[in-house]
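Per-entry structural report
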Amino acid sequence: MTADLTDHSRKDAWDHGVALARAARAGDTLALHQLLDHLTPYIARICAPIALTDGPDATQETLLAVFRSLRSLKDPQALYGWVRAIAVREAARIARRAARAHPAELAAVPERGDPQLATDIDDVLARLSPEHRAVLVMRDVEGLDEEAAAALLGVPAGTAKSRLHRARMSFRKAWSS
């Protein structure tokens, strides 16, 4: 029963977002503001694990891109996929910019038995390149297949698959060292 209620709530939220997108595309300013408010948690959930501490910046950049480009959305039913693609692109861009400013070293992962180890998932993710973080999040958090992740990242499927393999290897190596 609880799962049915959750699925029903999720569908209602999805339908509400699509309806807001339709109204906003038709020029309803209030609907546009409501749509951006509605999308913010969804966008933040995608941007945070890719852009890490710059997740709020990536979320804002994504919201700006959605605001500027909403009229280019041909089918409001595709809203969430369209927004996800923008969020991944913006989060990876922000993360690349941050990585150039503050490169991380994989060697700095704490030793086994360190009390900080329980919170090291974020630390290990931070040490991966933005491209590796993005594909890892798309596959292992969002549950997309290689083809869908590749399309969102704008790379061939083989590239996404090899990045995923390297990202998982780097993550395991950093985690277990």
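Being a predicted model, the structure only gives us computed values, none of them experimental.

1. As for the overall build of the protein
For the protein, the helix and strand inventory stands at eight helices and zero strands. Element order for the protein, N to C, with α for helix and β for strand: α-α-α-α-α-α-α-α. In the protein, buried positions account for 38% of the 177 residues. Counted over contacts in the protein with a minimum sequence separation of 6, partners at least 24 positions apart contribute 66%. Taken as a whole, the protein presents about 10100 Å² of accessible surface, with 56% of it coming from carbon and sulfur.

2. Examining unusual backbone geometry
Positive phi, normally seen in glycine, also occurs at Leu52, with a value near 55°. Mapped onto the fold, Leu52 is located in the loop between helix H2 (29-51) and helix H3 (55-69).

3. Focus: the layout of surface pockets
In this structure, the second largest pocket encloses a volume near 210 Å³. Taken together, Arg10, Ala13, Trp14, His38, Leu39, Pro41, Tyr42, Arg45 and Tyr80 make up the lining of the second largest pocket. At the level of elements, helix H1 (2-25) and H2 are the ones that each hand at least two residues to the lining of the second largest pocket. The leading source of residues in the lining of the second largest pocket is H2, at five residues. Considered class by class, the residues forming the lining of the second largest pocket number six nonpolar, one polar and two charged.

4. Comments concerning the environment of Lys173
For Lys173, the position within the fold is in helix H8 (residues 157-176). The sequence separation of Lys173 and Val124 amounts to 49 residues, and the corresponding C-alpha distance is 9.6 Å.

5. Overview of the packing of aromatic side chains
Geometry of an aromatic ring pair is reported as the spacing of the ring centres plus the angle between the planes. Under the defined criterion, the tally for this structure stands at two aromatic pairs. Through pairs of rings, three or more aromatic residues link up here, namely Trp14, Tyr42 and Tyr80.

6. Brief notes about the side chain of Arg133
One can find Arg133 in helix H6 (residues 130-141). Despite its burial, Arg133 remains without a salt bridge, the nearest opposite charge being carried by Asp54 at 7.3 Å. In this view, Arg133 contacts Pro49, Ile50, Leu52, Ala95, Leu125, Ala126 and Leu128; residues no more than four positions away in its chain are not counted.

7. Topic: the pattern of salt bridges
In this structure the tally under the stated criterion is seven salt bridges. The residue Arg89 makes a salt bridge to Glu90 at a minimum N-O spacing of 3.9 Å. Among the residues examined, Arg89 registers a relative accessible area of 45% and is labelled partly exposed. Look at Glu90 and you get buried, because its relative accessible area is 10%. The salt bridge partner of Arg168 is Asp140, with a shortest N-O separation of 2.5 Å. One end of the pair, Arg168, is in helix H8; the other, Asp140, is in helix H6, and 28 residues separate them in sequence.

8. Section: the confidence of the model for the protein
Caution is warranted with low-pLDDT regions, since their predicted coordinates should not be read in detail. When pLDDT is averaged across the protein, the result is 83; 81% of the residues are at 70 or more. Considering each helix and strand of the protein separately, the mean pLDDT is smallest for helix H5 (residues 120-127), with a value of 75, and largest for H3, with 96. A low-confidence stretch, residues 103-109 stays under pLDDT 50, and its non-local contacts, those more than four residues away or across chains, total 10 contacts.

9. Here's the deal with the nonpolar core
Membership of the largest hydrophobic core comes to 35 residues, with the highest contact counts inside it found for Leu35, Leu39, Ile50, Leu79, Trp82, Val83 and Met138. Secondary-structure elements contributing two or more residues to this core are H1, H2, H3, helix H4 (79-101), H6 and helix H7 (146-153). Here this core gets 11 residues from one element, more than from any other, and that element is H2. Those residues in contact with Leu39, other than ones at most four positions away along the chain, are Val66, Leu79, Tyr80 and Val83. Membership of the second largest hydrophobic core comes to 12 residues, among which are Leu125, Ala160, Ala167 and Phe171.

Cut-offs applied
Residues numbered from 1 in each chain as written. Predicted model: local features only at pLDDT ≥ 70, side-chain atom pairs only at ≥ 80, totals over all residues. Heavy atoms only, no water. Helix = DSSP H or I, 4+ residues; strand = E, 2+ residues; numbered from the N terminus. Buried < 20%, exposed > 50% of the residue type's maximum accessible area, 1.4 Å probe, protein only. Contact = heavy atoms within 4.5 Å. Areas by Shrake-Rupley, 256 points an atom, 1.4 Å probe, with all protein chains shown as cover. 1 Å grid on protein atoms, 1.4 Å probe; cavity = no way out; pocket = protein on both sides within 12 Å on 5 of 7 lines; lining within 4 Å. Points joined across faces, edges and corners; volume = space filled by probe spheres on them. Nonpolar A, V, L, I, M, F, W, Y, C, P; charged D, E, K, R; others polar. Phe/Tyr/Trp six-rings, centres within 6.5 Å; stacked < 30°, edge-to-face > 60°. Lys, Arg positive; Asp, Glu negative; His and termini not counted. Salt bridge = Lys/Arg side-chain N within 4 Å of Asp/Glu carboxyl O. pLDDT = per-residue confidence, 0-100. Core = buried A, V, L, I, M, F, W, Y, C linked by side-chain atoms within 4.5 Å.

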